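Chain by chain, the residues:
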Amino acid sequence: MDVLFHVKDLVLLAAEGGEAASHAAGVPQKIVEVGYLWLIPFFPLLGFAINAAFGHLIQRRFGKKYVSYIAVGAMALAFLVAVAAWIQMIGLPASERYLVNFLWNLFTAGDVQANLSFALDPLSMMMVLIITFVGSLIHIYSIGYMADDPAYWRFFCYLNLFVFSMLLLVMGDNLVLMFFGWEGVGLCSYLLIGFWYEDIEKAKAAVKAFVTNRVGDFGFVLGMFLLFWALGGSWVQKKNVVAKHERVWSQVDPNYKPVAQTGTFYERDPALSPQSSHRGIRIGPSLTFREIRDQLSSEETGMKERLLGMNFFGIPLLILAGILLFVGATAKSAQIPLYVWLPDAMAGPTPVSALIHAATMVTAGVYMVARLNFLFALSPAVMTVIAMTGAITAMFAASIGFVQNDIKKVLAYSTVSQLGFMFIGVGVGAFWAGAYHLLTHAFFKACLFLGSGSVILGCHHEQDMRKMGGLKRFMPLTEKTYLYACIAISGFPIANAFFSKDEILWRAFDSGHNLLDPSLGKLIWFIGWLTACGTSFYMWRSYYMTFTGEYRGAAGHRPSHGALATHSVGAAHAGTFNHDVLMSATVFDDDPHPDSGGVDAHAKGTAKHPDHPDHKAEGGHGHGGVPHESPGTMTYVLVTLAAGCAATIVLGFWAPLGNLLGIDALKVPLLEHWLEPTMAPTLELVEKRSAQSGHAWEWALIFASVGVAFLGWFIARSFYKDARSHAPAKLAAMFPRLHRVVYNKYYVDEFYQATVLRAVSLLSRAFATFDAKVIDGAVNAVAVVARFICNISGAADTYLVDGAVNLVAEGVIQTGHRLRRIQTGRIQTYLYAAVAGVLVLIGIHYLIR
Amino acid sequence: MGAPGLPHYLIVGVVLFALGTYTVITRTNAVGILMGVELILNAANVNFVAFQRFNPSPLLTGQVFALFVIVLAAAEAAVALAIVLAIYMNMKSIDVSHASSLKD
């Protein structure tokens, strides 16, 4: 029997150690140590440091151009290094695609070991490429968009700091570093939402985002601690197993060091293969993703069974830790119930909305779940919570998006909704699909947001879609890119989002026992399918309201000058629109800030040009007049992003079609293949639990998806094309109450205001009262007592101590007065005394002797 | 009654010393005080010489001391009389009880 054990162990060892380590999960993770990864976050940090320290000097002395050179240059360098890392990674075998760059130990406290150490695996590589690429584009876009802002340098400084934090978040190889980044992006988000902080509404939005995120961070930190605690010391229980393996390994490998010495389950001499060192599994509590992954994926450590069997105050630990971590994700990624900050975050400049609140930061939650896939996949309950939250959020946010009139608000709710789709993806075990949707979303949503920014700038800081219309003629490039991004998001199979969204919906349908109940998957698919229809509707609505029909802005801008409006529109019609026309238009417009308060209640907030409080009428885009196309730095970024929407189709090209066409490379989507090493620990599990519904269903669902995309498009087109139909108004009039509720975002903000915020403010008031009455009372009482004691002490001082001192002094003075009589100054007196003294001495002498 | 011994000389010395001391204490006349001082010095001289006579040493220390004392007494008298003269010049009196301007 014992011999049999030996043989089995040896086989296990050989399988693990051999170069052809096709162990399903690739345990332990092989790593490649490189020395340059720190450069990727370093460049944005450097850009931030330079602009923070000298930005205003540079801007004043040399002009804004140089500020943007620094910021954009830093981004470009970071992107180049990221590409270099990517190239190196492609060259490695799949199981070794894990670049690690250890810099130094941040702190070690007991078992907690936090290293400043960067890691790139296929997932974080994808994130880094998105962040640096889209980030660079948005930096370039900002050159044009922010050109008139006096705080130009501050904007770029924050933007670079944000990219640095985001890179820290995705590249950190442990939870601590991820949390640093997590907080850093939260801070930058706060700074950038409140970039125009003179406007109290924007400052409030910033605080709202910050506070909401703190709630989530609390959950994240608790989840992190709980996980750390749970990982602690499990190997002690498995001591016998460890001892058994040790016996075998010490016979096989001369370099083997025992667990007690290294703290590592199995460690080979790294000198044997310095390039791809096959380190062992470090045992015990850990915050490093790779180590947690190894511990959970390796049967020998027994960690998986331990976690599955562990309870924390009667609640299964995995569920508690998973949900706490997910709470962190809901805040960062704007899911129910903590989504409320994201729509308000649109107060920030539009490039910020594109970069932070669409493409990168808000996807951090999705990234975190995908990164910890080996943890979440263990608990179908947590997966169900994630997927259901995603589905409900997607539906809920999309329905709010139906009736919003602010173009950025529509996009904000669309972002919340799309993030919901991503959470459906990661929630049903299709981690790669969630990640793919993250990638496609980064492109199409950045394109949409930047397109809306271009529209807003072109319409002189007008965000209300009811005052746009007909912009197709004025800004052709913006219109074309926006159109393509709309095609993408609404799910037509000629742009990237169709492939990602469809994969998510299919995997939800097929999820089976990855969720608590197989029927839940069908329900989630149905919700997602309906939401897809809604998505198509509200996006096409925004497209038609903005770009088709007649331009309604000039009329709304200055109702009394109708003739002027038609004049300028007419000029643009004839294609002779130029700055002269603009100037002649502005000549009539004697008031550069027309008061349109009475025209439309909604316009109240936006009429004062909230996006640019200190924007001065100057150069090419002053106030008044007709819309105009944005500068090249902006439109070419839009074109690049739209091209990216098309190019990224390749990454997730539809497996059934690949099978049908018989192209080998397309049978498994490229991105799925690429992310396989990261998702390896869960692939088998997820696959095993899936329902395996078959290709026929997959085809059916694809047609269903395309069908609803067309349906949404068709409804939006008939309602909003050229603003001719009265159906929307009629519908709104038919269900006034429903319209009002949805228009006011289901009163969720008001609900929070009435419950959470009211409770908190009541509590704080109670505490303030307690503070004023009890604490201050106690302090005052102590003060009174102290004063009383001091009075006594003072009296004692005056009468007792000073009295004694004066008494001594008086005594000395009196004694002195008495004694001075002796000093007569007459020598005879002294001689008398001397003689008397001698006589006394003689007398004593006789007496004593 | 034989030849006088050491105690006799010493008694003469004591008497001289007592008289001198009494003079110094009781007199207020500056010259009288000086005379008392002379008596005291000579009482000492008597002692020196007497001790040398009855406790002989080849170096004649007692006699030599007596000579020194005589010289010193002469010097002292010269200085003291000069001071007395100066006091007299200032105060038209040589009564020491009047010379109290350094007091207070």
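This report concerns the structure included in the present document.

What counts, and where the lines are drawn
Here the residue numbers are simple positions, counted from 1 along each chain's written sequence. Written order decides the labels, with chains lettered from A and ligands numbered from 1. Only residues with pLDDT of at least 70 are given local features in this predicted model, and only at 80 or more are side-chain atom pairs given and counted; all residues enter the totals for whole chains, interfaces and linings. Secondary structure elements follow DSSP: runs of H or I of four or more residues count as helices, runs of E of two or more count as strands, with numbering from the N terminus. With C-alpha atoms as the basis for the radius of gyration, the globule rule is written as 2.2 Å multiplied by the number of residues raised to the power 0.38. By this definition, two strands are paired if DSSP reports at least two bridges between them. Only the contacting stretch of a helix is used when fitting its axis, a line to C-alpha atoms as for every element, and angles between N-to-C directions run 0 to 180 degrees. Just so you know how the angles are binned, under 35 degrees is roughly parallel, over 145 roughly antiparallel, 65 to 115 roughly perpendicular, and the rest oblique. The crossing is said to be left-handed when, going from far helix to near helix, the turn is anticlockwise and less than a right angle, and right-handed when the turn is clockwise. Each residue gets a C-beta atom placed from its backbone, and two residues are in contact if those atoms lie within 7 Å. Gly is put with the polar residues, along with every residue not named as nonpolar or charged; the nonpolar set is Ala, Val, Leu, Ile, Met, Phe, Trp, Tyr, Cys and Pro, and the charged set is Asp, Glu, Lys and Arg. The nonpolar core is taken to be a set of buried Ala, Val, Leu, Ile, Met, Phe, Trp, Tyr and Cys residues joined by way of C-beta atoms within 7 Å. Exposed residues have 12 or fewer other C-beta atoms within 10 Å of their own C-beta, buried residues have 20 or more, and residues in between are partly exposed; the C-beta atoms are placed from the backbone.

So, on to the overall build of chain B. The number of helices and strands found in chain B is three helices and zero strands. Secondary structure elements of chain B occur, N-terminal to C-terminal, as α-α-α. Here the C-alpha atoms of chain B give a radius of gyration of 17 Å, more than 25% beyond the 13 Å that 2.2 N^0.38 yields for 104 residues. Overall, chain B is about 55 × 30 × 25 Å in size when its C-alpha atoms are taken along their principal axes.

In this section: the pairing of strand 2 (residues 99–109) of chain A. Residues and elements named next belong to chain A. Bridging between strand 1 (residues 32–33) and strand 2 involves two bridges; their strand directions are parallel. Within the sheet, the bridge partner assigned to E33 lies in strand 2 and is V100. As paired elements, strand 2 and strand 3 (residues 112–120) share nine bridges and run antiparallel to each other. The partner of A109 across the bridge, within strand 3, is V112.

On to the packing of helix 15 (residues 350–359) of chain A against helix 20 (residues 431–458) of chain A, then. Residues and elements named next belong to chain A. Orientation of helix 15 relative to helix 20, taken along the N-to-C sense of each, is 160 degrees, at an axis distance of 9 Å. When the axes of helix 15 and helix 20 are compared, the pair comes out roughly antiparallel. Along this stretch, helix 15 crosses helix 20, giving a crossing that reads as right-handed. Contact with helix 15, carried on its side by T350, P351, S353, A354, A358 and A359, involves A442, K445, A446, F449, L450, S452, G453 and I456 of helix 20 and no other residues of that element.

Pairing in this open sheet of three strands is mixed, and the strands run 1-2-3 (chain A) from one edge to the other. A single partner strand is all that each edge strand has here, and the edge strands are strand 1 and strand 3 of chain A.

Quick look at the interface of chain B and chain A now. Listed per partner, the contact involves six residues of chain B and six residues of chain A. Residue composition of the side of chain B that touches chain A, by class: two nonpolar, three polar and one charged.

The next subject is the nonpolar core. One broad rule of soluble globular proteins: the nonpolar side chains tend to lie buried together. In this structure, A387, A446, C447 and A485 of chain A are the most contacted members of the largest nonpolar core, which totals 225 residues. Among the elements that line this core, the one with the most residues is helix 20 of chain A, at 18 residues.

What is shown is where atoms sit, not what they do.
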